[in-house]
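An overview of the molecular structure
The lines below spell out each chain.
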Amino acid sequence: MTGTETEDDIPLGERKTVTDFCYLLDKSKQLFNGLRLRTSETSYLNEAFSFYSAIRQRSYYFQVNKEDRPELVVKKLRYYARYIVVCLLLNKMDLVKVLVKELSEEIEDYTQRFNTEDQLEWNLVLQEVAAFVEADPVVVLNDNNSVVVFSNRMLEGSTPPLEQGMVVGQLILADALIIGNCNNQVKFSELTIDMFRMLQALEREPVNLATQTFKQGTLEPNEKPAKRENPHKYLLYKPTFSQLFTFLSASFKELPANSVLLVYLSATGIFPTGHSDYEGPYDFGGVLTNTNRDVVNGETMQKRNQLQKEMHCLHPGDLFPFTRKPLFVIVDSSNSTAYKNFTNLFGQPLVCLLSPMVYPKSVQDQSQRGSLFTLFLYSPLLAFSSMCGLSSVRRGLWDRAQEFLCKVYRDIGQMISRSRTIDQAFLQFFGDEFLRLLLVRFVFCSAALRLHKLFRESRSFPESYPELPKQDTVESSLLQKHVLELAAMLDVQGALDSPPTLDFQWRDLRSTYPRTPHPFLLLNVRSSQQAKVCLAQITRTRVSTLTR
């Protein structure tokens, strides 16, 4: 409608189209703003998707390219960008690829028709989303070599169950702050790949998502479902310290009784510049917060007194006030162990899961596509496969490996719950399904890295506060056996080392291999590979059967 036209001049059919479009546009703006994932209500996400789909299906932007008005084309490009974000959050990767192709064509047409200053910016947007879609280091292939898309949200029954009669805390994960401030990491919009993965790890898979239909106006933005299925989340991309502290304070203030606040930090490490006689919570450095000053490799170029602390850094001591309520912290940073230096001043449950500080070069080279530690918390099988050098896995093998991991998770859950020396803080959080799954995946990650041939430094292993009892969990002989079995299943045994000694359960072994003459023939075997060779020679059994 031009400036000289009135509403009466528009034919009735076109007037309805304009009215519908304006309604859908306003509604989608409201819903998209609600997707800064601060509500975590999947109904908003689904309804936003239905509105963006309706705009595309009805070709509301079809006439835009015929007009000589670049501002209208920019609106169309922004629509595509927002639609892609919604599809990413819904894990609709097939549709994302179609939309990216259409966006690429639209940007090419836009840059050819108009000589505007934002051409480079839109090309950068296209590059970012293409890199984001291709960020997963391992793909799962069907028999026809097509890529299978899996959701890594929490599925019903995927969390290891609590043992009958087990006494755990009744705390519920209510709020989560997901903070991303890593340099040179794949991102799209204001969402890094690590933020996206942690976001997915804290979501339940919507039931019958593909078959759900939504009517216009079924749920207003200010309406709330009867029960919150997912924790309330704040996504903060490169926040300043003031912004971060403001959101921490707001979340802390609104945290309900018997609830947990989770803080996820994916950020560049800041290390202390001097040494003091007294080492307090501000003497170990921390992680970088955003600043207008130039930063190179986590070190500010502006010189300052060696005795002063870094201002643009979240120190462990900055979190002390928030330990007055149950606090669960995950730090993925090159200075993660700074957060081991906590003091539980108020006696509330407090756990920190800390990433390795250094990685082997082969892993460092992949860091732009996301951290290996966060990848383990998001999808352990994806991380394990990548760590062992795989780039693709067949669908059938993937499904069998996932089924095997479910058994491993149950065993890890029992290790944690039955340990006599574990800190009670872990059990206080174990009643919540999200936190239980994160703890189980953390233990699996720690065990897998300890067995990998390239991970040799102690700084290359995850740590925690309070410290987990290693013999009961990450260095358990049963868990080590499971990790080796998974490697054998994926045919990547060469990437791992077996533990120094093997604890064979001879009763089970004799029942499986009855022709093995005497157990003492293998007493001097010190590696799993040697054991396989010896047993195969003795029993004339294929080596691969040992991995069943």
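So, how was this worked out
Residues numbered from 1 in each chain as written. Predicted model: local features only at pLDDT ≥ 70, side-chain atom pairs only at ≥ 80, totals over all residues. Heavy atoms only, no water. Core = buried A, V, L, I, M, F, W, Y, C linked by side-chain atoms within 4.5 Å. Buried < 20%, exposed > 50% of the residue type's maximum accessible area, 1.4 Å probe, protein only. Helix = DSSP H or I, 4+ residues; strand = E, 2+ residues; numbered from the N terminus. Contact = heavy atoms within 4.5 Å. Axes fitted to C-alpha atoms, helices over the stretch in contact; angles between N-to-C directions. Parallel < 35°, antiparallel > 145°, perpendicular 65-115°, else oblique. Left-handed = near helix turned anticlockwise from the far one by under 90°.

Our next topic: the nonpolar core. In terms of nonpolar packing, the biggest core is built from 128 residues, with Leu262, Phe328, Ile330, Leu372, Phe376 and Phe384 touching the most fellow members. Considering every element that reaches this core, the biggest residue donor is helix H13 (residues 433-451), with 14 residues. The residues contacting Leu262, other than those within four sequence positions of it, are Leu173, Asp175, Ala176, Leu177, Leu202, Phe328, Ile330, Leu435 and Leu438. Within the second largest apolar cluster, 29 residues are counted, among which are Leu261, Leu319, Tyr339 and Leu350.

Attention now moves to helix H10 (residues 380-387). The α-helix winds at 3.6 residues per turn, so residues separated by three or four positions along the chain end up facing the same way. In terms of residue burial, H10 counts as a mostly covered element, since 7 of its 8 residues are buried. Residues of H10 that are buried include every one of Pro380, Leu381, Leu382, Ala383, Phe384, Ser385 and Met387, and no others. Those residues of H10 hidden inside the fold are in contact with helix H9 (372-378), strand E15 (392-394), helix H11 (395-418), H13 and helix H14 (477-489). Where H10 terminates, the next one or two residues include Gly389, which has phi positive at roughly 95 degrees.

Topologically, Val351 is positioned in strand E14 (residues 350-354). In the structure, Val351 is positioned 75 residues away from Phe426 in sequence and 6.9 Å away in space, judged by C-alpha atoms. Filtering out sequence-adjacent residues up to four positions away, Val351 remains in contact with Leu327, Phe328, Val329, Ala425, Phe426, Phe429, Leu439, Tyr465 and Pro466.

The subject of this paragraph is the packing of helix H3 (residues 70-89) against helix H4 (residues 93-113). Axes are the key here: two packed helices are described by the angle between their axes and the distance separating the axes. Axis separation between H3 and H4 bottoms out at 10 Å; the angle between their running directions is 165 degrees. Taken together, the axis directions place H3 and H4 in an arrangement best described as roughly antiparallel. Two packed elements cross with a definite hand, and for H3 against H4 that hand is left-handed. Facing Pro70, Val73, Val74, Lys76, Leu77, Tyr80, Tyr83, Ile84, Cys87 and Leu88 of H3, the residues of H4 in contact are Met93, Leu95, Val96, Leu99, Val100, Glu102, Leu103, Glu106, Ile107, Tyr110 and Arg113.

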